[in-house]
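# Descriptive structure summary
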Amino acid sequence: IVLARPLFSVENTGPNVLMIAIDDLNDYVSILQNHPGIKTPNFDRLAKKSLNFTRAYCAAPICNPSRVAIDTGLAPHQTGIYELGERMIRSEIAAAAVTLPEQFRRHGYHTYMSGKYYHNSEDHWWPKGRLDAMWNQRKAPFSDHSPKDGPNRIIGGGILSIGPTSLTDEQMPD
């Protein structure tokens, strides 16, 4: 979750911005009315107070190149980042770009980040100094996709496993 909040002063009275980045979320939310019987009251309440983008597209069919595209405004064919493990900093073009949180900060916003925005650990993707330029505050946990306790993995094994599990919410990382 990314939150950009303006500094309240005479010069800056911009809106608060909340970006909820969720990969692998289908359109099964009741506000879109695509799936009868689906009820998502919390999404609905948020949507009624928000600007809604109902035609979502991604830059790539996998999370990392899409994340880089959102962060930098550059498509995978421009950055050369097409796979999960490719770090943003390894692309000279991505590294030279002003990221979305940097842009908010440059325009007087406080930026906060938590959750699985960056995988593994936050400094896996950018050096600490660059992260400090992007975010006023970063709050763990950062996801490694695996359960916190024990070897029990979700059906399929590996980092892209899906399906039901007997683990509790507390045993899951995100």
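For the structure, check the block above.
What you are looking at is a predicted structure, and each value in this text was computed from that prediction instead of being measured. (Residues numbered from 1 in each chain as written. Predicted model: local features only at pLDDT ≥ 70, side-chain atom pairs only at ≥ 80, totals over all residues. Heavy atoms only, no water.)

## As for the pattern of salt bridges
- Per the counting criterion, the structure on display carries three salt bridges.
- Ionic pairing is found between arginine 130 and glutamate 102, a salt bridge with its closest N-O pair at 2.7 Å. With a gap of 28 residues between them, arginine 130 in helix 6 (residues 128-134) and glutamate 102 in helix 5 (residues 100-106) connect regions that are remote in the sequence.
- The buried category is assigned to glutamate 102, whose relative accessible area is 8%.
- Here aspartate 132 ties to lysine 128 by a salt bridge, and the two come within 2.8 Å at their closest N and O atoms. Of this pair, aspartate 132 and lysine 128 both sit in helix 6, four residues apart, roughly one helical turn.
- Residue class for aspartate 132 comes out partly exposed when judged on its relative accessible area of 34%.
- Salt bridges sharing common partners tie together Lys128, Asp132 and Arg138. (Salt bridge = Lys/Arg side-chain N within 4 Å of Asp/Glu carboxyl O. Helix = DSSP H or I, 4+ residues; strand = E, 2+ residues; numbered from the N terminus. Buried < 20%, exposed > 50% of the residue type's maximum accessible area, 1.4 Å probe, protein only.)

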